[in-house]
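# Descriptive structure summary
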Amino acid sequence: MSCEQLVERATLRRAVYCSWFGITCCTPEAVAAGNCSMVNSVYGVRLVINNLNASVSDVRMVHPMQQLHDCGMRSLNLEANNLAGQFHPAWGGLKHLLDFNFGNCWITGSIPSSMRSMRNLTQINLSNNWLNGTLPVWLDELQQLRILNLGSQFGANQGTDASGLMGTVPRQLSKLQQLRELNLEANVLTGELPEALCNEGEAYGTASNQ
C-alpha cells in the first residue's frame, strides 16, 4: 500500500487517526520546519504500558511498522509491553528512525546486527530485557546516538553462569561524539570504561558490573 493510500490528504482538520491514543502526526508547521515531509503522516507511535502482546521475531509485527516508517514515522516507543522473542532482521529496515524504545519487555537474544543500518538513531532503549552476549563493536557507527540504555539484562549466556551482557566495553564507543547518556548497569561486563567516555557533563551508569 502506498503512502498516498495510507495518509489522509491534508484538509482544514486533522486526520481522525491523529487523535488516537499514542499517535503523533506530522503538522503543517513541522513540514515547514523540515521535520517531516507529509502532513497527517504518523510521526510517532508511543504505546507505553499498553498490554500489547506480540513477538518481535514475527515479521508480521514488523511490516506495519515498516509501512509507517516509509511514510514518515521517526519515533517508536513500545516500552513495558508483553513483547517477546528475538528481533527479526527486518527491524533493521527502519533506517530513518530517531527513537527506538523496547525497554521493559521480554525480548531475548543478542543485540541484533540488523540495527547496524539504523544510523539515524538518537536514542536506543533496550533496558530491562533478557538480552545476552557482548556489546557489538559496530555501535560506534551509530554516530547520531545521544542516549544508549542497555541496563539490566537477564538473558542466560551458554556455557557460563552469567546473565546479561558480558565481555568488555568496546573502546569504539568513545567515537560516539553525540553520546550524553550511557546505561550499562546490572550486566556482567568487565574491565574499565574507555577513558574518552568519561567526560564531564555526561551521565553513565555502570553499577553492578565488574
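It should be emphasised that the depicted structure is a prediction, and the values quoted were computed from it without experimental measurement.

Criteria and cut-off values
Residues numbered from 1 in each chain as written. Predicted model: local features only at pLDDT ≥ 70, side-chain atom pairs only at ≥ 80, totals over all residues. Heavy atoms only, no water. Helix = DSSP H or I, 4+ residues; strand = E, 2+ residues; numbered from the N terminus. Rg over C-alpha atoms; globule rule 2.2 N^0.38 Å. Buried < 20%, exposed > 50% of the residue type's maximum accessible area, 1.4 Å probe, protein only. Contact = heavy atoms within 4.5 Å. Areas by Shrake-Rupley, 256 points an atom, 1.4 Å probe, with all protein chains shown as cover. Disulfide = S-S within 2.5 Å. Pairing = 2+ DSSP bridges.

Glancing now at the overall build of the chain. In terms of regular secondary structure, the chain is built from 3 helices and 15 strands. The C-alpha radius of gyration of the chain comes to 18 Å, within 12% of the 17 Å expected for a compact globule of 210 residues. For the C-alpha atoms alone, the extent of the chain along its principal axes is close to 60 × 35 × 25 Å. Taken across its 210 residues, the chain has 44% of its residues classed as buried. Pairs at least 24 apart in sequence give 57% of the contacts found in the chain among residues at least 6 apart. In the form shown here, the chain has an accessible surface area of approximately 11,200 Å², with 50% of it arising from carbon and sulfur atoms.

To continue, consider the state of the cysteines. Tallied over the entire structure, the rule returns 3 disulfides. Paired through a disulfide, cysteine 18 and cysteine 25 show a sulfur-sulfur distance of 2.1 Å. Disulfide cysteine 18-cysteine 25: torsion about the S-S bond near -95°, hence left-handed. Neither cysteine 18 nor cysteine 25 differs from the other in exposure class; each is buried. Each disulfide pairs two cysteine sulfurs, and for cysteine 26 the partner residue is cysteine 36, the sulfurs being separated by 1.7 Å. For the disulfide bridge between cysteine 26 and cysteine 36, the dihedral angle about the S-S bond is near 80°, and by the sign convention the bridge is right-handed. Taken as a pair, cysteine 26 in the loop between strand 1 (23–25) and helix 2 (28–32) and cysteine 36 in the loop between helix 2 and strand 2 (42–46) lie far apart in primary sequence, 10 residues in all.

Here we come to the pairing of strand 12 (residues 165–168). In the sheet, strand 10 (residues 133–134) pairs with strand 12 via 2 bridges, with the strands oriented parallel. Paired with glycine 133 across the bridge in strand 12 is leucine 165. Here strand 12 runs beside strand 14 (residues 188–190); their pairing, made up of 3 bridges, is parallel. Looking at strand 14, one finds that methionine 166 is bridged to valine 188.

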